[in-house]
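# Descriptive analysis of the structure
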Amino acid sequence: MQAGSAKSSQTLSAESANIVELKNISKSFPGVIANRDISLQVARATIHAIVGENGAGKSTLMKILYGLHQPDSGTISVNGYVTQFKSPSEAIAAGVGMVHQHFMLADNLTVLENIILGSEPTKIGVLSLGDARKQVKEIATSIGVEIDLDLPISELGVGQRQRVEILKVLFRGAEILVLDEPTAVLVPQEVDELFTNLRKLVATGTTIIFISHKLDEVLAVSDEITVIRQGSTVATVLPKSVDRLKLAEMMVGSDLPSHGKRTTKVGATIQLAAHNLTVLGKDNKNPVQNVSFNVAEGEIVGIAGVDGNGQFELCEALLGLVASQGTIEISGTDVSKLSIRERLKKGLAYIPFDRQREGLMLGASLWENSLLGHEQQLSRGPMIDLAAAKNSCREIIERFGVTTPNELVPAFVLSGGNQQKLVVGRNLATAPKILIAAHPTRGIDVGAQAAVWEEIRRSRDAGMSVLLVSADLEEVLGLSDRILVMFDGEIAAELDPKSATPQILGKYMTGTR
Amino acid sequence: MSTKPASQRNFDALQKSLVTFGSSLSAIAFALVICGLLLLVTGKDPFAAYGKILETGLSGDKLLEMLKRATPLIFSATAVAIGFKMNLFNIGVEGQYLFAALIAAEMGTRVSLPRPLHILFILIVAMIAGAAWASIAALLKIHRGINEVISTIMLNYIALSVIQWMFETFFRDDSDGGLNVKTTEIAPSGRMPDLVDDRLNGMLIVALLIVILYWFVIFRSRFGFQLRASGLNPIAARTAGIPANRMVLIAMILSGAIAGLVAMPAVIGDVYAYGPSAIATQFGFAGIAVALLGRNHPVGIVGAALLFGFLDSTSAELQLSGIPSSIVKVIQAIIVLVVVIVNEASSRRFNRRTAERAALALKSLDTQ
């Protein structure tokens, strides 16, 4: 934790009042720029929030600070020393600790064992649990965490597990704590508890870098806020000097595409319906509990919710990827016993949550990617019709403005936005009856976002039913004809987008109303 | 959005194959250097050894021997490659082909058909038997989630025992007073004609047909596309409605069916029966190496099988001239290792260059 222990610390930076300074950091991945000339100063013993949309580059920046990525250019100073972390262990040695969004704990070990795992205190080679216990207790008391050190992790709730992660990082001597979207998995009371702990932690001299896209929380807890948009820093502001709206504008930019009023009418026939849909969970909690809704012809029904409240499982159940109870109807026929393929044949299309994991074959060419799921239509007898498949890919490239040299390059050379356009295009090209679109514009730039929205609207006007799952409130409010809010696996509210505001939505999404 | 002219695209494809071919050749050269060092360390003259290999291998006789030895390897490698194309590891070709050899040899004696039909009948029985044995692993994977690597390896041992039991109990031909350790001989109508008398039989043609069929099915058919998609990204394939379990079952059945042909050059072309010591073993494992070396590509598989056949054909001569014949196995193993490493490195480099070139192409589009 001492600055000198970092191998690469050599030059003393001029201003050392700031404990962390990132200067002109740039980092690009093939085809995408994740960070562009980002600078960031974090003062000692403060909570510094970094806000930005999904895909704005927050996580990449923090991964650079934590040594998981190396920047292409720019410098990092910690404690006044210019450093270069080649790995997380070097970052830890310099006092930088990170709590990831997804916990990395061993379920069948106890809290204490998890905390010391990897840096076990030993006396002549023998584990000395006593010392560790005392030390962990001290840290826990100092930040107001009460936790039974002998419980196995599997018996803890999400909030407590996160506390264990924080203790684990502190036990390693971190004086700079990076929290990646720490509240995404917490319920409101847990969020309050976490913030109390963080405040106490700051009082002991620790510095906290807090990544979030939830503006209310950021305004409530942080001392300073840095806004990131499309890989670059927009500004660093004090919470006093901004409000939620101002912050949102900075986050999405003033060139936010406007949502045109729809001129077509919602049809009368119901094309997609779910009745008492339940997805059984592994433990007592069901990820989807008794959800019913229907989507009419030419209607966009938005499902708003904080990630992890059952939207993912709902989509998987509708598509047939997971087993569910209750009924699912497409155009009045029960499809809940049908296979995925049969449901797709009935006119269902799905834009998955994670385009790379669920949508693309990164090593395969674009035309093979656009062929996926449409092999039946694009073959002649048992053989693939190569000319037709490539042709259809060229049409998608043309119509959806995918930026690519040709249809033969592998999918991994495309930027994230263009990959998404290809996935969206593949699903819209065949004019499906029903589209389930999960985060259709997550992590793509504003231009691509507008293009995707426009295509969804056009298909809607042609009579397509859309179930739009999104955590982006602007998107949900701007596109939907009706909004359902999902919280904790259930539909918490049905709202009219004309009268709903992000504030009202936010309350239902967090279960505070 | 302008697209490249067709000639440019063909050039790109050609360049990629050249890169692949070049990296494989350099890997082989590198492997020969390592083996040379090994020979040197053990006090043998590597130049003499390689000279001997070339000298014996390139004589007309040995070239026929090479083709003969390559035939079962082509079958075996193709069987393995089908699985590899969807990330399914069929390590059980060994058991599948031995099982198929016994069943086909025995069934071949129980029918009387005119020549082409009799041969066809035996080949089909072999394919069914191989597929049946392979499908056990597929069913275990689908219904019980058992990793096919484990189950196919285990099934190899089970196959050996089952074959021994069946052979000893039911199929052994005792008409010779117990001296015969084979099944009854297949009638002449069920024997594959020779291409070159007593040196090479027609199964080579069948093997080449199978490889062409493999290329067509994997790279041109809808099923092949679904198979490759399941290998490239199983989650995306499933999301797109490709039934994962069915793909596993069909891929395994096809793999097993081709595996069933591995011993056929011997069974209907050479021995005309099954016998525990008359039918060579280990082709199943060699096939994995050949498929790896050939990168699961039809041309690569044939090339790799010929190379392995060539090396194998020289081993007896090497032994006679005082060079340990096991050096051939060492060379084969090192070639496979080096090729796998070099291929991985060169494909990474190729991917990076593809990404850079695409970015460049886009930049030039922007400025237009």
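Cut-offs applied
- Residues numbered from 1 in each chain as written.
- Chains lettered and ligands numbered in written order.
- Predicted model: local features only at pLDDT ≥ 70, side-chain atom pairs only at ≥ 80, totals over all residues.
- Heavy atoms only, no water.
- Core = buried A, V, L, I, M, F, W, Y, C linked by side-chain atoms within 4.5 Å.
- Buried < 20%, exposed > 50% of the residue type's maximum accessible area, 1.4 Å probe, protein only.
- Helix = DSSP H or I, 4+ residues; strand = E, 2+ residues; numbered from the N terminus.
- Contact = heavy atoms within 4.5 Å.
- Axes fitted to C-alpha atoms, helices over the stretch in contact; angles between N-to-C directions.
- Parallel < 35°, antiparallel > 145°, perpendicular 65-115°, else oblique.
- Nonpolar A, V, L, I, M, F, W, Y, C, P; charged D, E, K, R; others polar.
- pLDDT = per-residue confidence, 0-100.
- Pairing = 2+ DSSP bridges.
- Polar contact = N/O pair within 3.5 Å; in protein donor to acceptor, adjacent residues only side chain to side chain.
- Expected span 1.5 Å × (residues − 1).
- Bend = angle between axes of the 7 residues up to and from the residue.
- Left-handed = near helix turned anticlockwise from the far one by under 90°.
- Salt bridge = Lys/Arg side-chain N within 4 Å of Asp/Glu carboxyl O.
- Buried area = accessible area lost by both parts, 1.4 Å probe.

Attention now goes to the nonpolar core. Counting 143 residues, the largest nonpolar core has Leu435 of chain A together with Phe75, Met264, Val267 and Ile268 of chain B as its most contacted members. For this core, the element with the most residues is helix α3 (residues 60-84) of chain B, which contributes 11 residues. When sequence neighbours within four positions are dropped, the list of residues in contact with isoleucine 268 of chain B reads Ile119, Ile122, Leu123, Ile186, Gly190, Arg191, Met192 and Met203 of chain B.

This part is about the packing of α3 of chain B against helix α10 (residues 244-259) of chain B. Residues and elements named next belong to chain B. Relative orientation of the contacting elements α3 and α10 amounts to 175 degrees, with a least axis distance of 8 Å. One way to sum up the angle between α3 and α10 is to call them roughly antiparallel. Seen from α3, the contacting residues are Phe75, Thr78, Ala79, Val80 and Ile82; seen from α10, they are Ala251, Leu254, Ser255, Ile258 and Ala259. Residue classes in the contact of α3 with α10 are distributed as 8 nonpolar, 2 polar and no charged.

Predicted confidence across chain B gives a mean pLDDT of 87, with 93% of residues reaching 70 or more. Least confident of the elements in chain B is helix α1 (residues 6-41) of chain B, whose mean pLDDT is 76; most confident is helix α4 (residues 93-108) of chain B, at 96.

Quick look at the sheet that holds strand β10 (residues 207-212) of chain A now. Residues and elements named next belong to chain A. The mixed open sheet is built from 6 strands, whose spatial order is β6-β9-β10-β3-β11-β12. The open sheet terminates on both sides in strands that have one partner only, identified here as β6 (96-99) and β12 (232-237). Adjacent strand axes in the sheet meet at a mean angle of 20 degrees when their direction is disregarded. Across 4 bridges, strand β3 (residues 47-51) lies against strand β11 (residues 224-229) in parallel orientation. Looking at β11, one finds that valine 51 is bridged to valine 227. Strand contacts of helix α1 (residues 58-65): β3, β6, β9 (176-180), β10 and β11, with the helix running at about 150 degrees to β10, the strand carrying the most contacts. Packing of helix α5 (residues 158-171) onto the sheet brings it into contact with β6 and β9, and relative to β6 it is tilted by some 165 degrees.

Turning our eyes to something else, we now look at the environment of serine 470 of chain A. Residue and element names in this part refer to chain A. By the element assignment, serine 470 lies in strand β22 (residues 465-470). Look at serine 470 and you get buried, because its relative accessible area is 2%. In the structure, serine 470 is positioned 29 residues away from threonine 441 in sequence and 8.8 Å away in space, judged by C-alpha atoms. Residues contacting serine 470, with those up to four places away along its chain left out, are Ile303, Ala304, Gly305, His439, Glu475 and Val476. Reaching out from serine 470, the side chain makes a polar contact with the side chain of glutamate 475 at a distance of 2.7 Å.

All names here are of chain A. Overall, mixed pairing links the 6 strands, which are arranged β18-β21-β22-β15-β23-β24 in an open sheet. In this open sheet, the two edge strands, each paired with only one partner strand, are β18 (348-351) and β24 (490-495). Neighbour to neighbour, the strand axes of the sheet diverge by 20 degrees on average, direction disregarded. In terms of strand pairing, strand β15 (residues 300-304) meets strand β23 (residues 482-487) through 4 bridges, oriented parallel. Within β23, the residue paired with isoleucine 303 across the bridge is leucine 484. Taken strand by strand, helix α17 (residues 502-509) contacts β15, β23 and β24, and its axis lies near 35 degrees from that of β23.

A few words on α3 of chain B. Residue and element names in this part refer to chain B. Helix length check: α3, at 25 residues, gives a terminal C-alpha distance of 35 Å against a target of 36 Å (1.5 Å per residue), a fit within 8%. Taking the largest bend as the criterion, α3 deviates by roughly 30 degrees, centred on alanine 70, and proline proline 72 comes between one and four positions later. Of all 25 residues that make up α3, 19 are buried, and the element is covered over most of its length.

Mapped onto the elements of the fold, glutamate 455 of chain A is located in helix α15 (residues 446-461). Setting aside chain neighbours within four positions, we find glutamate 455 of chain A in contact with Arg399, Phe400 and Leu428 of chain A.

To continue, consider the packing of helix α5 (residues 115-144) of chain B against helix α6 (residues 148-171) of chain B. Packed helices, taken two at a time, are described by the angle between their axes plus the distance between the axes. All names here are of chain B. As a packed pair, α5 and α6 sit with axes 10 Å apart at the nearest point and diverge in direction by 145 degrees. As α5 runs across α6, the sense of the crossing is right-handed. Where α5 abuts α6, its residues Trp133, Ile136, Ala137, Leu140 and Lys141 lie against Glu148, Ser151, Thr152, Leu155, Ile158, Ala159 and Val162. Taken together, the residues that form the contact of α5 with α6 break down as 8 nonpolar, 2 polar and 2 charged.

This part is about the pairing of β15 of chain A. Successive residues of a regular strand alternate their side chains across the two faces of the sheet. For β15 of chain A, the tally of buried residues reaches 5 of 5 residues, placing the bulk of the element in the interior. Residues Ile300, Gly302 and Ala304 of chain A line one face of β15 of chain A and the alternating positions Val301 and Ile303 of chain A line the opposite face, and both faces are buried.

Under the defined criterion, the tally for this structure stands at 27 salt bridges over all chains. Measuring nitrogen to oxygen at the nearest pair gives 2.8 Å for the salt bridge that ties glutamate 148 of chain B to lysine 141 of chain B. Each of Glu299, Arg482 and Glu494 of chain A takes part in one network of salt bridges that share partners.

Each side of the interface is counted separately: chain A has 40 residues, and chain B has 30 residues. Buried surface at the junction of chain A and chain B, summed over both partners, amounts to about 3,000 Å²; 66% is from carbon and sulfur atoms. Here chain A and chain B share 1 salt bridge between them. The partner of arginine 228 of chain B in a salt bridge is glutamate 368 of chain A, and the shortest N-O contact between them spans 2.8 Å. Run the count over chain A and chain B and you get 12 residue pairs in polar contact (both at pLDDT 80 or more).

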